Amino acid sequence: MSRLLRGIIAAAVVLLLLSGIWQWREYGRKQELRDDALLYFAEEDYSKTIQYLESALDRHCIFAGGLNHDMTCYLAESYYQLEDYAQAETIYDRLIASDSREPRYYELKGRCAREEGDHERALTIYSEGWEKTEDSVFLQLICDIYLEQEDYENALAFTEQGIAAGGESKQTFMFQKVVIYERSLDYEAAYEAVQEYCELFPEDEAGQREMTFLSTRI
């Protein structure tokens, strides 16, 4: 091996070593800034939290992906707490782009839209969340909005979809079906629905009480 080649290899090793040391120091500094940010977060000083998180995120470190993700989540929540919903949504969009199958990001983005009073946009966000993740929590969130609007027809349609999806949430959706019929003053349908519910979940005292109540309304 020539002296020139040995020199090039040695220089490359030194460069890699120095780069590794610099990266490790950057990671440590990012960690320190993140820890300081969380102290302010615990004290509900969200402006300071954002300042420290953004400073940490501006520092480049090739192996800080997990740390950056954690800080980005705190950053979005801090903007939400400051009622800067547009900025929080922008950050949730970035999180969704990085992992489109994580239900939490759609839930939190939809929460921002609801806080702004934009229920139609919230419905769109929750519908996208259902489409991407098939998590029935979004059917429940959609139903909640329709119930708030006293749109019982749409609330019932998504409740039926939740029942059809099955899983652990089936019981919740079946009881909600009873509630929707009751709120819409269709007591006969509500009584039929609660009978079906109690047949499947006979140990549920709330269901039994509801059936007793509805029996006096038909």
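This one's a predicted model, so the numbers in the text were calculated from it and none came from an experiment.

1. Focus: the packing of aromatic side chains
- Per the counting criterion, the structure on display carries nine aromatic pairs.
- Residues Y197 and F201 carry aromatic rings whose centres are separated by 5.1 Å and whose planes lie at 45° to one another, so their mutual orientation is tilted.
- Among the residues examined, F201 registers a relative accessible area of 21% and is labelled partly exposed.
- Of the aromatic side chains, those joined through ring pairs into one cluster are F41, Y46 and Y74.
- In this structure, R111 packs its charged tip against the face of Y80, placed 3.5 Å from the ring centre.

2. Examining helix α11 (residues 205-215)
- What α11 keeps buried is the set G207, E210 and L214. Projected down its long axis, α11 carries its buried residues within an arc of 60°, all on one side. Across from the buried face of α11, at angles greater than 90 degrees, the exposed residues are E205, R209 and T212.
- Taken together, the buried residues of α11 touch α9 (170-183) and α10 (187-200).
- You can read the cap of α11 off the contacts: a side-chain oxygen lies 3.0 Å from the backbone nitrogen of A206, and it is on D204.

3. With respect to the nonpolar core
- In terms of nonpolar packing, the biggest core is built from 52 residues, with Y92 and Y126 touching the most fellow members.
- With residues up to four places along the chain from it excluded, the contact list for Y126 reads Y106, E107, G110, R111, R114, F138, L141, I142 and I145.

4. A word on the confidence of the model for the protein
- Of all residues in the protein, 86% attain a pLDDT of 70 or more, and the chain-wide mean is 89.
- Considering each helix and strand of the protein separately, the mean pLDDT is smallest for helix α1 (residues 3-42), with a value of 64, and largest for helix α5 (residues 103-115), with 98.
- A low-confidence stretch, residues 4-22 (pLDDT under 50), is modelled with three contacts involving residues beyond four sequence positions or located in other chains.

5. Notes on the side chain of E210
- Mapped onto the fold, E210 is located in helix α11.
- Although E210 is buried, it forms no salt bridge, and the closest oppositely charged side chain is R209 at an N-O distance of 7.4 Å.
- Ignoring any residue separated from it by four or fewer positions in sequence, one finds E210 in contact with F175, V178, E182 and V194.

6. Remarks on helix α8 (residues 152-165)
- Between its first and last C-alpha atoms α8 spans 20 Å; for 14 residues at 1.5 Å apiece the expected length is 20 Å, and the two agree.
- For α8, the set of buried residues is A155, L156, F158, T159, G162 and I163.
- Residues of α8 that are buried make contact with α7 (137-148) and α9.
- One or two steps after α8, the chain reaches G166, where phi turns positive at roughly 70°.

7. Some remarks on the side chain of E89
- Secondary-structure assignment places E89 in helix α4 (residues 85-98).
- Using a relative accessible area of 8% as the deciding quantity, one classes E89 as buried.
- Not counting residues within four places of it along the chain, the set of residues in contact with E89 comprises K109, C112, A113, E116, R121 and I125.

8. Focus on the pattern of salt bridges
- Applying the stated criterion across every chain, the model contains 11 salt bridges.
- Residue R111 pairs with E77 through a salt bridge whose shortest N-O separation is 2.7 Å. Of this pair, R111 sits in helix α5 while E77 sits in helix α3 (residues 65-81), and the two are 34 residues apart along the sequence.
- Taking the shortest distance from any N to any O, the salt bridge between R121 and E116 comes out at 2.6 Å.
- Exposure remark for R121: the relative accessible area of 28% places this residue in the partly exposed category.
- In the salt-bridge network here, residues are joined through shared partners; they are E89, E116, D118 and R121.

What counts and how
Residues numbered from 1 in each chain as written. Predicted model: local features only at pLDDT ≥ 70, side-chain atom pairs only at ≥ 80, totals over all residues. Heavy atoms only, no water. Phe/Tyr/Trp six-rings, centres within 6.5 Å; stacked < 30°, edge-to-face > 60°. Buried < 20%, exposed > 50% of the residue type's maximum accessible area, 1.4 Å probe, protein only. Lys NZ or Arg CZ within 6 Å of the ring centre and 35° of its normal. Helix = DSSP H or I, 4+ residues; strand = E, 2+ residues; numbered from the N terminus. Arc of directions from axis to C-beta. Contact = heavy atoms within 4.5 Å. Polar contact = N/O pair within 3.5 Å; in protein donor to acceptor, adjacent residues only side chain to side chain. Core = buried A, V, L, I, M, F, W, Y, C linked by side-chain atoms within 4.5 Å. pLDDT = per-residue confidence, 0-100. Lys, Arg positive; Asp, Glu negative; His and termini not counted. Salt bridge = Lys/Arg side-chain N within 4 Å of Asp/Glu carboxyl O. Expected span 1.5 Å × (residues − 1).

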